[in-house]
Amino acid sequence: MIAIERICTALKARRHAPADFEPSPKHASVAMIMADGARELEVCFIRRAERAEDPWSGQVAFPGGRASALDSSADAVARRETSEEIGVELSDQHFVGNLPVRPNIRNGLTLSPFAYFVDDEQRQRASAKMPDEVASVFWVPISHLFDVDAVTQLEYELGGSSSKFPGIQFEDHIIWGLTLRVLQSFAEIIDVPFPALE
């Protein structure tokens, strides 16, 4: 079982340089939010709403989004977007650590992922607050993310042709793409094999 104490220790032991932050749409942040579930630690995901203007339309993701002119830091972006999207208010006491930055993921966009741990009160608040952006919110037991039996493939049309991509199946959701890559970085830090990308 993967405990929050192990995750905190691993993240503190492996510091990551933050991205050069600028309060513009060229910078985005996401929040990997963890909480105690019925049997073990669980991780929060959202399914993005179907929107023509959204390059990640309909995909599973962490709460998050692009920076605004009023954001003071990449962490502030993750906290604001989480509050807006799912109603969870993240504070310094919830902060666990930052995960490796993903530069130039699309048209020069830089992604800063952060890890947080919330109490049951905050966990219960998590719901889709912006239905035009977030279709649903769900929690996945952390062991499921490392379960070889959950590994799947997703067929996705990209650049006019259909390709297959690795993913993790949870109920009717598939975790793949950039979110899967962030989970891979997390797995490397806590030193747990990650079957989805092995």
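The rules behind each value
- Numbering of residues starts from 1 in each chain and follows the order in which that chain's sequence is written.
- The predicted nature of this model means local features are confined to residues of pLDDT at least 70 and side-chain atom pairs, given and counted, to a pLDDT of 80 or more, with totals for whole chains, interfaces and linings taken over all residues.
- Side-chain figures throughout are based on the complete set of non-hydrogen atoms in the structure, without hydrogens or water.
- Residues enter a nonpolar core if they are buried and are Ala, Val, Leu, Ile, Met, Phe, Trp, Tyr or Cys, with the set joined through side-chain atoms within 4.5 Å.
- When accessible area is computed with a 1.4 Å probe and restricted to protein chains, residues below 20% of their type maximum are described as buried, those above 50% as exposed, and intermediate ones as partly exposed.
- The way it works is that DSSP assigns letters per residue, a run of H or I at least four long becomes a helix, a run of E at least two long becomes a strand, and they are numbered from the N terminus.
- Contact definition: two residues touch when any of their heavy atoms are within 4.5 Å.
- Whether two strands pair comes down to DSSP finding at least two bridges between them.
- The working definition used for a salt bridge is a side-chain nitrogen of Lys or Arg within 4 Å of a carboxyl oxygen of Asp or Glu.
- Only residues above 30% relative accessible area that lack a salt bridge enter a patch, with like-charged residues linked at up to 9 Å and the nonpolar side chains Val, Leu, Ile, Met, Phe, Trp and Tyr linked at up to 5 Å.
- The Shrake-Rupley method, run with a 1.4 Å probe sphere, supplies the accessible areas, and residue values consider only the shown protein chains as cover.
- For the charge count, each Lys or Arg is scored as positive and each Asp or Glu as negative, with His and the chain ends excluded.
- Each charge is placed at NZ for Lys, CZ for Arg, CG for Asp and CD for Glu.

Quick notes on the nonpolar core
- Of all hydrophobic cores here, the largest spans 38 residues; its most connected members are I7, F45, L145 and F146.
- Only α1 (4–13), β1 (27–36), β2 (41–48), β6 (110–118), β7 (134–141), β9 (161–170) and α4 (177–190) provide two or more residues apiece to this core.
- If one sorts the elements of this core by residue count, α4 sits on top with 7 residues.
- Contact partners of L145, with chain neighbours within four places excluded, come to V43, F45, V140, I168, I175, L183 and F194.

A look at the pairing of β6
- Counting buried positions along β6 gives 8 out of 9 residues, so the element sits mostly inside the fold.
- Bridging between β1 and β6 involves 9 bridges; their strand directions are parallel. Along β6, the bridge assignment pairs H27 with T110.
- When strand β5 (residues 95–98) meets β6, the two strands line up antiparallel, connected through 3 bridges. By the bridge assignment for β6, N98 is matched with F114.

Some points on the pattern of salt bridges
- By the definition in use, this model includes 7 salt bridges.
- Here R123 makes a salt bridge to E42, at a shortest N to O gap of 2.0 Å. Of this pair, R123 sits in helix α3 (residues 120–125) while E42 sits in strand β2, placing them 81 residues apart in sequence. Both residues of the pair, R123 and E42, belong to the buried class.
- D75 is paired through a salt bridge with R79; the nearest N and O atoms lie 2.8 Å apart. In this pair, D75 and R79 are both assigned in helix α2 (residues 74–86), 4 residues apart and thus about one turn of the helix distant.

Description of a negative patch on the surface
- Judged by side-chain charge, E5, D36, D119 and D120 come together as a negatively charged surface patch.
- On the secondary structure map, D119 appears in the loop between β6 and α3.
- By relative accessible area, D119 is classed as partly exposed at 37%.

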